[in-house]
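# Examination of the molecular architecture
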Amino acid sequence: MSEKIPATVITGFLGAGKTSLIRHLIENSDGRKLALIINEFGDLGVDGDLLKGCGNENCTEEDIVELANGCICCTVADDFLPTIQKILSRKDRPDHIIVETSGLALPKPLVRAFGWPEVRTQVTVDGVVTVIDGPAYRDGLFAANPDAVQAQREADEMLDHDSPLEELFDDQINCADMIIFNKADLLEESEISTAAAELKGRLRPQVKMLQTSHGKLDARILLGLGAAAEDDLDTRPSVHDDADDHEHDDFESFVLEVGEITSPDVLISKLEAAIAAEGILRVKGFLSVKDKDMRLVLQGVGNRLQHYFDRDWATDEERISKLVIIGEHDMDQAAITKLILG
Ligand SMILES: Nc1nc2c(ncn2[C@@H]2O[C@H](COP(=O)(O)OP(=O)(O)OP(=O)(O)O)[C@@H](O)[C@H]2O)c(=O)[nH]1
């Protein structure tokens, strides 16, 4: 029997920096041949496309599989299992498998799937790595408003008091073997130490926390944790352990056809207005700009927007111009569309 292939699960909220971390890993894989399974919320495969563009021989386009049928925690049986089996049946099996969950996925059901008989004999979960968006943490995105929670508790002891964002965050850090506190470049040193002190008390004792910017970490630190996470799921509490009907209905997404744009700056101003008015959590996509040969990538996390040209459009390629917009379930799609396209 050959040795089990290690698999690393990379989780973390929308826009925390999972794809950036994986991109750095591909480019610095220390000789390991990697296979990637990329799961996204929203019907536009942005992360997979960006990673395929890396063009690294340790992780070619064929080594990257995109799962875009919803969050991986809900589609493990239909999507994840056949995908991993396909990877395992390859003649040139990878040295390491990386699974990027969508930013809204609960990692535990995925880790549990590695315990299935047909998988566990061949693969082990080397580690669950949870990426935290440093500025979002500092700004309290994952914290409930303590006053509001207290008032609610007093009103009804039986209510579920946690916000969807807080619950997700708890699940993602409770399942971790390693925490990557990312976007350190956007924080003061004192903000990082405050966060580290707060988070330490919430982590399982053996869990290490590292700070980084743009996910630039040595592959030897990230890979080879040897956690065998599928064997100690009981030590990784989840608020959703008993919730079979977890459907992500706290969040929703839609794809907006933007059409060819003439000015990125004009679009950015409109997006800023839409984000401020409608509380969008994440925007990303590809844009065609008039008279430009290159594709524009747009990334928005909270109110922070970034855009850059990544590559030339191929001559036979459709110049798509689409954004996926993700928000909480009550976001007003019509109002957002009007603000962006109007
Ligand atoms: N300033 C700064 N920006 C970062 C850092 N890491 C990632 N970003 C930016 O944050 C945005 C989101 O990064 P991604 O790596 O796509 O995040 P993700 O977690 O894969 O996002 P989803 O898959 O959509 O959940 C991009 O615009 C990145 O360039 C960082 O350390 N510092």
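How each quantity is defined
- Residue indices follow the written sequence of each chain, beginning from 1 at its first position.
- This being a predicted model, a pLDDT of at least 70 is required before a residue's local features are given, and a value of 80 or more before pairs of side-chain atoms are given or counted; all residues contribute to the totals for chains, interfaces and linings.
- Each pair of strands is called paired provided DSSP finds at least two bridges between the two strands.
- The way it works is that DSSP assigns letters per residue, a run of H or I at least four long becomes a helix, a run of E at least two long becomes a strand, and they are numbered from the N terminus.
- Here, axes are lines fitted to C-alpha atoms. For helices the fit covers the stretch in contact, and angles between N-to-C directions go from 0 to 180 degrees.
- Placing C-beta atoms from the backbone, we regard two residues as in contact once those atoms come within 7 Å.
- Any residue whose C-beta atom, as set from the backbone, lies within 6 Å of a molecule or strand is reported as near that molecule or strand.
- When residues are sorted by character, Ala, Val, Leu, Ile, Met, Phe, Trp, Tyr, Cys and Pro go into the nonpolar class, Asp, Glu, Lys and Arg into the charged class, and all the rest, Gly among them, into the polar class.
- An automatic or database domain assignment provides the domain bounds reported here.
- What sets the label is the angle itself: under 35 degrees gives roughly parallel, over 145 gives roughly antiparallel, 65 to 115 gives roughly perpendicular, and the rest give oblique.
- Crossing handedness is read from the near helix: turned anticlockwise from the far helix by less than a right angle, it gives a left-handed crossing, and turned clockwise, a right-handed one.

### So, the sheet that holds strand E9 (residues 280-288)
- Strand order in the open sheet formed by five strands is E8-E12-E9-E10-E11, and the pairing between neighbours is antiparallel. At either margin of the open sheet sits one strand with a lone partner, and together these are strand E8 (251-257) and strand E11 (304-312). On average, adjacent strands in this sheet sit at an angle of 15° to one another, irrespective of strand direction.
- Most of the contacts of helix H11 (residues 264-278) go to E11, to which it runs at about 145°, and overall it touches E9, strand E10 (294-301), E11 and strand E12 (322-328).

### A word on the site of the ligand
- Around the ligand sit 22 residues, and of these Gly-17, Thr-19, Ser-20, Gly-103 and Gln-299 come closest.
- Mapped onto the shell around the ligand, the elements with two or more residues apiece are helix H1 (18-27), E9 and E10.
- Among the elements that make up the shell around the ligand, the one with the highest residue count is H1 (three residues).
- Grouping the amino acids of the shell around the ligand by side-chain chemistry returns four nonpolar, 12 polar and six charged.
- Residue assignment places the shell around the ligand across two domains, with domain 1 (5-235) and domain 2 (251-341) each supplying three or more.

### Looking at the packing of H11 against helix H12 (residues 333-341)
- Running from N to C, H11 and H12 point in directions that differ by 155°, and their axes come no closer than 8 Å. Viewed along their axes, H11 and H12 adopt a mutual orientation that is roughly antiparallel. In this structure, H11 crosses over H12, and the sense of that crossing is right-handed. Of the residues in H12, those in contact with Lys-270, Leu-271, Ala-273, Ala-274, Ala-277 and Glu-278 of H11 are Ala-335, Ile-336, Leu-339 and Ile-340.

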